Amino acid sequence: MTVAQNKFKERDLTKGNVTKSIWLFALPLIFGNMLQQLYNIADTLIVGRYIGADALAAVGSSYTLMTLLNSIIMGLCMGSGVMFSMLYGAGEQEELKKSFVQSLVFTGLFAIVVEALSAFFLDALTVFMNIPESIVDETKAYLSIIFLGIIFTFIYNFLASILRAIGNSLIPLIFLMFSAGFNIILDIVFVLYLKMGIEGAAIATVAAQFFSALALLIYIAKKIPDILPQKRHFHIELVIMKKIISFSMLTCIQQSVMNFGILMIQGLVNSYGVAVMATFAAAVKIDSFAYMPVQDFGNAFSTFIAQNKGAGKMDRVKEGLKSAIISASTFCAVTSLIIFVFAKQLMTIFIDSNEIEIINIGIEYLHIEGACYIGIGCLFLFYGLYRGLGKAGYSIVLTILSLGTRVVLAYALSPIFGITAIWWSIPIGWFLADFAGFVALKFVAGINLDKKISM
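Definitions and cut-offs
- Residues numbered from 1 in each chain as written.
- Predicted model: local features only at pLDDT ≥ 70, side-chain atom pairs only at ≥ 80, totals over all residues.
- Heavy atoms only, no water.
- Helix = DSSP H or I, 4+ residues; strand = E, 2+ residues; numbered from the N terminus.
- Rg over C-alpha atoms; globule rule 2.2 N^0.38 Å.
- Buried < 20%, exposed > 50% of the residue type's maximum accessible area, 1.4 Å probe, protein only.
- Contact = heavy atoms within 4.5 Å.
- Lys, Arg positive; Asp, Glu negative; His and termini not counted.
- Charge placed at Lys NZ, Arg CZ, Asp CG, Glu CD.
- Core = buried A, V, L, I, M, F, W, Y, C linked by side-chain atoms within 4.5 Å.
- pLDDT = per-residue confidence, 0-100.
- Salt bridge = Lys/Arg side-chain N within 4 Å of Asp/Glu carboxyl O.
- Axes fitted to C-alpha atoms, helices over the stretch in contact; angles between N-to-C directions.
- Parallel < 35°, antiparallel > 145°, perpendicular 65-115°, else oblique.
- Left-handed = near helix turned anticlockwise from the far one by under 90°.
- Nonpolar A, V, L, I, M, F, W, Y, C, P; charged D, E, K, R; others polar.

S.K.: Can you break down the overall build of the chain residue by residue, with the values?
M.R.: In terms of helices and strands, the chain carries 17 helices and zero strands. Here the C-alpha atoms of the chain give a radius of gyration of 21 Å, agreeing with the 23 Å that 2.2 N^0.38 yields for 455 residues. For the chain, the C-alpha atoms occupy an extent of roughly 65 × 50 × 35 Å along the three principal directions. Counting only residues that meet the buried cut, the chain has 60% of its 455 residues in that class. Here the contacts in the chain between residues at least 6 apart in sequence split such that 83% fall between residues at least 24 apart. Once the 30 positive and 27 negative side-chain charges of the chain are each reduced to a mean point, those two points are 16 Å apart.

Listed below in structure tokens is the structure:
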């Protein structure tokens, strides 16, 4: 490591015990994203309990759309973060700071465009999502406010990608902790006490997003100014810009395709009526919260891979892959057991126990998904591996394979077998993509788990 790198005083993932390095870096990411999920869970819990099933269905559909839009922003930042990690691992401080500037220009403008287009096409989006007429107004009211937070989501994720690329995953977690608590407090105040309805829940979420973005910006400026670009770095460099666009867009496409497929499933679910929509809204929150840790573990694994790729330590990449597979599989097995056994109790957190129909549909969903988390866990690792190696294009292939299978099976079989076919199509897509990811280890990644690295 160079002297320039030592100034950052962050975690170097190219040294030390592999498993320990990955987990110490991953844990703040895991806890951070779980806290980020509290934004949406707080909305779902309070809206479902204190406003009603229609409002819950509106928030649930909005959540799926916002996951898609946020995935575009997060994908851009994650893609840039891979390049940041490689440059950091290689000790290229000047190139690293230049890449910060190029990424800020490209991803920042992209985020502004996403926010503007989302607001402009709000009516068209509600039609595309098959939102029932009875909740169209509530959905629009919620989304028109939530869209304002897209720019704050970008700022936070861009700054977090910088810190995580140089090995600091703890600080983003700390600010998310405060932000999540702030969100919950505002939810209670606006919805329960001020009776602001679904708009109050939206305002609470946007305010919390603003807080986390502002706090992280102030922290970096005050505490670690050494990582910030200087005046000489603020100009367009086409060579670096092209690399940033390549890394960012490939990851953005991968994230967007994944969540666009989920949005299409949401549209199919919406066609079954408000009761099934409410079920899906609650069950997906439980589902997402259950496997969110392994998704973040995959993102941390991607940074580990990128730093070691930049440092030329491919033996460490191979060792890290083996360790990650064992860790993710163990976690998924335990989580599957918990979700399967306690499906009913988890559903009643969000849904009144008298709503028997909704709870029973949710139990069926969680029993099917809950038995198959190892499929999504391994898939997240493959995403992280190929992205970290600079082969994000293959992550897109895996995503299209997984989501394409899911969407085709759901739309083809649900008219025959009902909503159960929608639930089963999801894990089938996971396992098919896992098979492709494993087969590609040798031919795309140059990794043979039984032999020395051929790359």
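Moving on, there is more to tell.
S.K.: Describe the nonpolar core, and please don't skip the residues or the numbers.
M.R.: Counting 70 residues, the largest nonpolar core has Phe 301, Leu 385 and Trp 423 as the members making the most contacts within it. Contacts of Trp 423, omitting those with residues within four sequence positions, involve Val 269, Phe 280, Ile 361, Glu 364, Tyr 365, Ile 368 and Glu 369. One finds Phe 106, Ile 131, Ile 166 and Ile 224 within the second-largest nonpolar core, a separate group that totals 69 residues.

S.K.: Which residues make up the confidence of the model for the chain, and what are the values?
M.R.: Looking at the chain as a whole, the pLDDT averages 81, with 92% of positions reaching at least 70. Residue range residues 1-9 is modelled with pLDDT below 50. Its contacts to residues more than four positions away, or to other chains, number 17 contacts.

S.K.: Can you break down the environment of Tyr 394 residue by residue, with the values?
M.R.: Within the secondary structure, Tyr 394 is located in helix α16 (residues 392-417). Separated by 46 residues in the primary sequence, Tyr 394 and Ala 440 have C-alpha atoms spaced 8.9 Å apart.

S.K.: Quick rundown of the pattern of salt bridges? Include the residues and the values.
M.R.: In a structure, side chains of opposite charge can pair up when their charged atoms sit close to one another. On inspection of all chains with the given rule, the structure shows four salt bridges. Here Arg 232 and Glu 94 are joined by a salt bridge, their closest N and O atoms 2.8 Å apart. Of this pair, Arg 232 sits in the loop between α9 (197-223) and α10 (238-270) while Glu 94 sits in helix α4 (residues 93-120), and the two are 138 residues apart along the sequence. Overall, the relative accessible area of 49% leaves Arg 232 in the partly exposed class. Under the relative-accessibility criterion, Glu 94 is labelled partly exposed at 33%. Its salt-bridge partner being Glu 237, residue Lys 98 comes within 3.5 Å of it at the nearest N-O pair.

S.K.: For the packing of helix α8 (residues 170-193) against α9, give the residues involved together with the corresponding values.
M.R.: The description of two helices packed together rests on the angle between their axes and the distance between the axes. Where α8 meets α9, the closest approach of the two axes is 8 Å, and the angle between their N-to-C directions is 155 degrees. Judged on the interaxial angle alone, α9 and α8 are roughly antiparallel. With respect to the hand of their crossing, α8 and α9 are arranged in right-handed fashion. Residue composition of the contact of α8 with α9, grouped by class: 17 nonpolar, seven polar and one charged.

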